[in-house]
Amino acid sequence: KIFRSNSIHLGPPTHVFNPSLTSSILGYLESKFHDDDAKNRFCYFPYRKYDQEEDCFEYFVQSLHSQQKTMQELAKYKPAVNFILNCRTNHESPVHHGGLLKFLWALFGPTKLKRSFDR
């Protein structure tokens, strides 16, 4: 559990290679919910420590899976979706790409179509 009765355990990351986003999400949950069990339902993380070098790949895969599960749970709560899309610690946020319209234009616009026809 990350959220406990009198403390927040900041050890396990919910997002791979982005501890700032993990902290932002935990802060958001802390500000929106009063029940620790409700907050913990949004948070997934690898369930055991990996000390061996050969366990590194397994830990990485579990971390990616945990990140996906966390995002799926947050997506069920509509205000959290708005927070994630506008969060400045989320490097995948459209805000970092000039806004949603410019992001979609770069993703699906004429330049992208031209590249697909050139192949």
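Computed from a predicted model, the values in this text were never measured in an experiment. (Residues numbered from 1 in each chain as written. Predicted model: local features only at pLDDT ≥ 70, side-chain atom pairs only at ≥ 80, totals over all residues. Heavy atoms only, no water.)

Trainee: Got a minute to help me understand the side chain of Lys-39 in this structure?
Mentor: Residue placement: Lys-39 occurs in helix 2 (residues 36-40). Judged by relative accessible area, Lys-39 falls into the buried class, the value being 2%. Among the polar contacts listed, one links the side chain of Lys-39 to the side chain of Glu-30, at a separation of 2.8 Å. The residues touching Lys-39, leaving out its near neighbours within four places in the chain, are Phe-3, Leu-29, Glu-30, Phe-33 and His-34. (Helix = DSSP H or I, 4+ residues; strand = E, 2+ residues; numbered from the N terminus. Buried < 20%, exposed > 50% of the residue type's maximum accessible area, 1.4 Å probe, protein only. Polar contact = N/O pair within 3.5 Å; in protein donor to acceptor, adjacent residues only side chain to side chain. Contact = heavy atoms within 4.5 Å.)

Trainee: Quick question: what am I supposed to make of the pattern of salt bridges here?
Mentor: Pairing is possible between side chains of opposite charge, provided their charged atoms come close. Under the counting rule described, the total for this entry stands at four salt bridges. Residue Lys-1 is joined to Asp-37 by a salt bridge in which the shortest nitrogen-to-oxygen separation is 3.7 Å. Of this pair, Lys-1 sits in the segment before helix 1 (19-32) while Asp-37 sits in helix 2, and the two are 36 residues apart along the sequence. In this structure Lys-1 comes out as exposed when scored by relative accessible area, which is 60%. Of the residues examined, Asp-37 reaches a relative accessible area of 39% and is grouped as partly exposed. For the salt bridge of Lys-39 with Glu-30, the shortest nitrogen-to-oxygen distance reads 2.8 Å. Connected through shared salt-bridge partners, Glu-30, Asp-36 and Lys-39 make up one network. (Salt bridge = Lys/Arg side-chain N within 4 Å of Asp/Glu carboxyl O.)

Trainee: Just to check I follow, could you spell out helix 1 for this structure?
Mentor: With 14 residues, helix 1 should reach 20 Å at 1.5 Å per residue; the first-to-last C-alpha distance of 20 Å fits that figure. Taken together, the buried positions of helix 1 are Leu-21, Thr-22, Ile-25, Leu-26, Tyr-28 and Leu-29. Looking straight down helix 1, one finds its buried side chains confined to an arc of 160 degrees; they lie on one side. Turned more than 90 degrees away from the buried face of helix 1 sit Pro-19 and Ser-31, all of them exposed. Looking at the packing, one finds that the buried side of helix 1 touches helix 2, helix 3 (56-75) and helix 4 (78-86). (Expected span 1.5 Å × (residues − 1). Arc of directions from axis to C-beta.)

Trainee: Please clarify how the packing of aromatic side chains should be interpreted in this entry.
Mentor: Note on aromatic pairs: each is described by the distance of the centres and the angle between the planes. One pass over the structure, following the stated rule, counts five aromatic pairs. By way of ring pairs, the aromatic residues Phe-33, Phe-42 and Tyr-77 are connected into one cluster. When the ring centre of Tyr-44 is taken as origin, the NZ or CZ atom of Lys-69, which lies over that ring, is 5.4 Å away. (Phe/Tyr/Trp six-rings, centres within 6.5 Å; stacked < 30°, edge-to-face > 60°. Lys NZ or Arg CZ within 6 Å of the ring centre and 35° of its normal.)

Trainee: Looking at this structure, how should I read the nonpolar core?
Mentor: It is characteristic of soluble globular proteins that their nonpolar side chains tend to be buried jointly. In this structure, Phe-3, Ile-25, Leu-29, Cys-43 and Leu-74 are the most contacted members of the largest nonpolar core, which totals 15 residues. Among the secondary structure elements, those contributing two or more residues to this core are helix 1 and helix 4. Residue contributions to this core peak at five residues, all from helix 1. Ignoring anything within four residues of it in the chain, the contact list for Cys-43 reads Ile-2, Phe-3, Thr-14, Leu-26, Leu-29 and Thr-70. (Core = buried A, V, L, I, M, F, W, Y, C linked by side-chain atoms within 4.5 Å.)

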